[in-house]
Amino acid sequence: VPVARVPANPRTLVGVEAVIDKDVCGAKLATELEADAYIILTDGGGIWENYGKPNAREMTEATPEYLEGTKAGKAFPGSMGPKIQAAIDFVKNSKKPGVFAAIGDLKDTEKIIKGEEGTVVKMQVKDGVQWRAGKTGPPRKETRDPPPF
């Protein structure tokens, strides 16, 4: 809950309105709790290159450096962008060795943990990224048509 100190009485806190990004907060909490892993469940699967295009492919594993270098998720600042950044932040800021973050579809939770679905972000990945073989990308959900307001 976001709070602010009352200027007349600095020991008193009051609730304030604010927008809090759940992915960033989750990564911060996981880091503070010294969690072994941080799993972000979505309705759209893992991290994709060329999402919604015929040549789309899903990352099975990636390093924070690879994701930052390719600006992964930056084209989708309201959806995957914050999730990817939260995964990067958890892996980079954790004091525990061997931690990982994972992003994947809620229905695939068990498979994400087994490494069969979704994308795992960790410090050590061969060539910085590995790709899921034999899986084509989902159709793009965005449309050029304006909403019917």
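If you're wondering where the values come from, they're calculated on a predicted model, not measured in any experiment.

**Q** Can you break down a nonpolar patch on the surface residue by residue, with the values?
**A** Taken together, the side chains of Ile-39, Leu-41, Leu-106 and Ile-113 make up a nonpolar region of the molecular surface, amounting to roughly 360 Å² of accessible area. Along the polypeptide, Leu-41 turns up in strand 3 (residues 37–42).

**Q** Could you give an account of helix 1 (residues 22–32), naming the residues involved and the relevant values?
**A** Of all the positions in helix 1, only Asp-23, Gly-26, Ala-27, Ala-30 and Thr-31 are classed as buried. All buried residues of helix 1 lie within an arc of 135° about the axis, which places them on one face of the element. Exposed side chains of helix 1 directed beyond 90 degrees from the buried face belong to Lys-22, Lys-28, Leu-29 and Glu-32. Packed against the buried residues of helix 1 are strand 3 and helix 3 (80–93).

**Q** Would you mind going over the environment of Val-6 in detail, with residue names and values included?
**A** With respect to the secondary-structure elements, Val-6 resides in strand 1 (residues 3–6). When residues no more than four places from it in sequence are discounted, the contact partners of Val-6 are Thr-12 and Val-14.

**Q** Quick one: what's the story with the side chain of Lys-83, residue by residue and with numbers?
**A** By secondary structure assignment, the location of Lys-83 is in helix 3. Within polar-contact distance, the side chain of Lys-83 engages the side chain of Asp-23 at 3.3 Å.

**Q** Which residues make up the nonpolar core, and what values go with them?
**A** For soluble globular proteins, nonpolar side chains are generally found buried alongside one another. Counting residues in each nonpolar core, the largest one holds 21 residues, and the members touching the most others are Tyr-38, Ile-47, Leu-67, Ile-84 and Phe-90. Of all the secondary-structure elements, those providing two or more residues to this core are helix 1, strand 3, strand 5 (57–62), helix 3 and strand 6 (100–105). For this core, the leading source of residues is helix 3, giving seven residues. Excluding its chain neighbours within four sequence positions, the residues that come into contact with Tyr-38 are Lys-22, Asp-23, Gly-26, Ala-27, Ala-30, Ala-86, Phe-90, Phe-100, Ala-101 and Ala-102.

Calculation rules
- Starting from 1, residues in each chain are numbered consecutively following that chain's sequence as written.
- Only residues with pLDDT of at least 70 are given local features in this predicted model, and only at 80 or more are side-chain atom pairs given and counted; all residues enter the totals for whole chains, interfaces and linings.
- Where side-chain values are given, they derive from all heavy atoms of the structure, hydrogens and water being excluded.
- Like-charged residues within 9 Å of one another, or nonpolar side chains (Val, Leu, Ile, Met, Phe, Trp, Tyr) within 5 Å, are grouped into patches, provided each residue has over 30% relative accessible area and no salt bridge.
- Here the Shrake-Rupley method, with its probe set to 1.4 Å, supplies the accessible areas, and only the displayed protein chains count as covering residues.
- Between Lys or Arg on one side and Asp or Glu on the other, a salt bridge is scored when a side-chain nitrogen of the former is within 4 Å of a carboxyl oxygen of the latter.
- In DSSP terms, a helix is any run of H or I states spanning at least four residues, a strand is any run of E spanning at least two, and both are numbered starting from the N terminus.
- Think of it in three bands: with a 1.4 Å probe and only protein chains considered, a residue is buried below 20% of the maximum accessible area for its type, exposed above 50%, and partly exposed in between.
- Working definition: the arc comes from the directions between the helix axis and the C-beta atoms, pointing outward to the latter.
- Any pair of residues with heavy atoms lying within 4.5 Å of one another is described as a contacting pair.
- Nitrogen and oxygen atoms within 3.5 Å of one another constitute a polar contact, given that in protein one can donate a hydrogen and the other can accept it, and given that sequence-neighbouring residues count only through two side-chain atoms.
- The nonpolar core is taken to be a set of buried Ala, Val, Leu, Ile, Met, Phe, Trp, Tyr and Cys residues, with the residues joined through side-chain atoms within 4.5 Å.

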